[in-house]
Amino acid sequence: MENVITVGLGESVLSRNPQDVLVAFGLGSCLGIAFYDPYMKIAGLLHAVLPEYVNNSHAPGERFVDTGIENTLKEMVAAGAIQASLHIRMVGGANMLVSAELSRTFDIGTRNIASAYKTLERLRLKLACQEVGGNIGRTVRLYVANGRMTVRSIGGTEHDLG
Amino acid sequence: MAEIQKLFDDEFMNALREVTLEGIHNAARGFSGMLGQPLTVSQPSIEFVPVFQIPERMAELESEAVAIYLKAEGELTGHMVLILPLKTAYDLVDMLMDQPTGTTCELGSLERSALGEIGNISGAYFLNLVNERTGQSSRPTTPAVIVDMVGAILDVLVAILCVECEEVILLQTTFSCSNRQLDVTFWVIPDSNSLKAYLQRT
């Protein structure tokens, strides 16, 4: 029986329980970044909100794409995952405010994606696949048992990613 | 006690509650006038809420909804959002366009424009009352209409708010129409820095 674990905004959740399904509901401008070690069967899902850590911020690192990726990677490795084996996928980063007055200054989705690319490159991590951008929200599910990842958007059917 | 609570004493919060209650009723008057139907307003609540707990205020994050988002700009700033289930949005469009219920089954540009106008009217009526009571001047931005899962809509709102602050004052009410199945959540989130500046001016 599946055990759904919600990964809320600014959170990162790791699991090696094969019954767990890690879910990030309604990723709009946020990014859901999934890490999976297929040999150790360890899964991690990060739900990051903002692109880059702000100096002297006391906010949890997982809120930001750059420190969120770093922290989740460290936790995965500490839990026994092998960095070279990690299968990494990314979803979200939409720009949803379609309004002439607002969208000029509100492009957090695009900036989140750019920050993810930069951080992954810096950490020498390879992105296996992604479904990002656009202007619709997405829900992602990461199945710990086998690393399956699904994406669902409004009015759409659930489909596998990578 | 939340950090934000320490900025505003009980007297100010009572005054804020009174003004926003009047503002909400005025917003309902504008909305009702456009709809041609009477609306009731549920007892508004005012809470201090950590920004990242805002999604917990709504159930069913995967359900489909429409949000009409406006910023308030000027001397008093903040955010206003109307949130309604997608099916309710279809019914609302039918009411606005004087069509039988069930006519609208997707939201094209005309339908979104009609919904945006509801946001515009509600926001403008709310701010007009607040401006009158406080002697300050604020105006709403052009509304943005978002059609998506509730979680994605709130995700955007949290991303906007968390850049400014960790906690907000959240005013929440529901506009209902007894003649038709219509429940629309109305949120007002004043910017606490502009409230502080207002307190210092008065």
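Scope of this entry: the structure provided in the associated data block. Small disclaimer: the values here were computed from a predicted structure and weren't measured.

Reading the values: the criteria
Residues numbered from 1 in each chain as written. Chains lettered and ligands numbered in written order. Predicted model: local features only at pLDDT ≥ 70, side-chain atom pairs only at ≥ 80, totals over all residues. Heavy atoms only, no water. Helix = DSSP H or I, 4+ residues; strand = E, 2+ residues; numbered from the N terminus. Expected span 1.5 Å × (residues − 1). Buried < 20%, exposed > 50% of the residue type's maximum accessible area, 1.4 Å probe, protein only. Pairing = 2+ DSSP bridges. Contact = heavy atoms within 4.5 Å. Buried area = accessible area lost by both parts, 1.4 Å probe. Salt bridge = Lys/Arg side-chain N within 4 Å of Asp/Glu carboxyl O. Polar contact = N/O pair within 3.5 Å; in protein donor to acceptor, adjacent residues only side chain to side chain. Nonpolar A, V, L, I, M, F, W, Y, C, P; charged D, E, K, R; others polar. Disulfide = S-S within 2.5 Å.

## A closer look at helix α4 (residues 150-162) of chain B
Line of reasoning, step 1. Under the 1.5 Å per step criterion, the end-to-end length of α4 of chain B is 18 Å for 13 residues, consistent within 8% with the ideal 18 Å.
Line of reasoning, step 2. Most of α4 of chain B sits inside the fold, with 13 of its 13 residues counted as buried.

## A word on helix α3 (residues 109-134) of chain B
Line of reasoning, step 1. The end-to-end C-alpha distance of α3 of chain B is 36 Å, a good match for the 38 Å that 26 residues give at a rise of 1.5 Å each.
Line of reasoning, step 2. In the segment just after α3 of chain B, glycine 135 of chain B is the residue with positive phi, at about 75 degrees.

## Focus on the pairing of strand β7 (residues 167-177) of chain B
Residues and elements named next belong to chain B.
Line of reasoning, step 1. Most of β7 sits out of view: 10 of its 11 residues are buried.
Line of reasoning, step 2. Taken together, the 2 bridges between strand β1 (residues 40-41) and β7 define a ladder with antiparallel strand orientation. Looking at β7, one finds that threonine 40 is bridged to serine 176.
Line of reasoning, step 3. Looking at chain direction, strand β2 (residues 45-50) and β7 are connected through 6 bridges and run antiparallel.

## Thoughts on the interface of chain B and chain A
Line of reasoning, step 1. With 26 residues of chain B in contact, the opposing surface of chain A contributes 31 residues.
Line of reasoning, step 2. Summed over both partners, the interface of chain B with chain A buries about 2200 Å², with 65% contributed by carbon and sulfur atoms.
Line of reasoning, step 3. It is Phe52, Glu62 and Asp155 of chain B in chain B that bury the most area against chain A; as a group they hold 26% of the surface buried on that side.
Line of reasoning, step 4. At the surface where chain B touches chain A, the tally comes to 3 salt bridges.
Line of reasoning, step 5. For the salt bridge of glutamate 62 of chain B with arginine 141 of chain A, the shortest nitrogen-to-oxygen distance reads 2.9 Å.
Line of reasoning, step 6. Along the contact surface separating chain B from chain A lie 9 residue pairs in polar contact (both at pLDDT 80 or more).
Line of reasoning, step 7. Looking at the side of chain B that touches chain A, the elements with two or more residues in it are β3 (64-74), β6 (144-149) and α4 of chain B.
Line of reasoning, step 8. Looking at which element gives the most residues to the side of chain B that touches chain A, the answer is α4 of chain B, with 9 residues.
Line of reasoning, step 9. Split by residue class, the side of chain B that touches chain A holds 17 nonpolar, 3 polar and 6 charged.

## Notes on the sheet that holds strand β10 (residues 159-160) of chain A
Line of reasoning, step 1. Read across the open sheet, the 5 strands follow the order β1-β3-β8-β9-β10 (chain A); overall the sheet is mixed. Sheet topology places β1 (3-6) and β10 of chain A at the edges, where each strand pairs with a single neighbour.

## Details of the state of the cysteines
Line of reasoning, step 1. Taken as a whole, this structure holds 0 disulfides over all chains when the rule is applied.
Line of reasoning, step 2. Residue cysteine 162 of chain B stays outside any disulfide, its sulfur separated by 8.1 Å from that of cysteine 30 of chain A, the closest cysteine.
Line of reasoning, step 3. According to the relative accessible area criterion, cysteine 162 of chain B is buried, its value standing at 8%.

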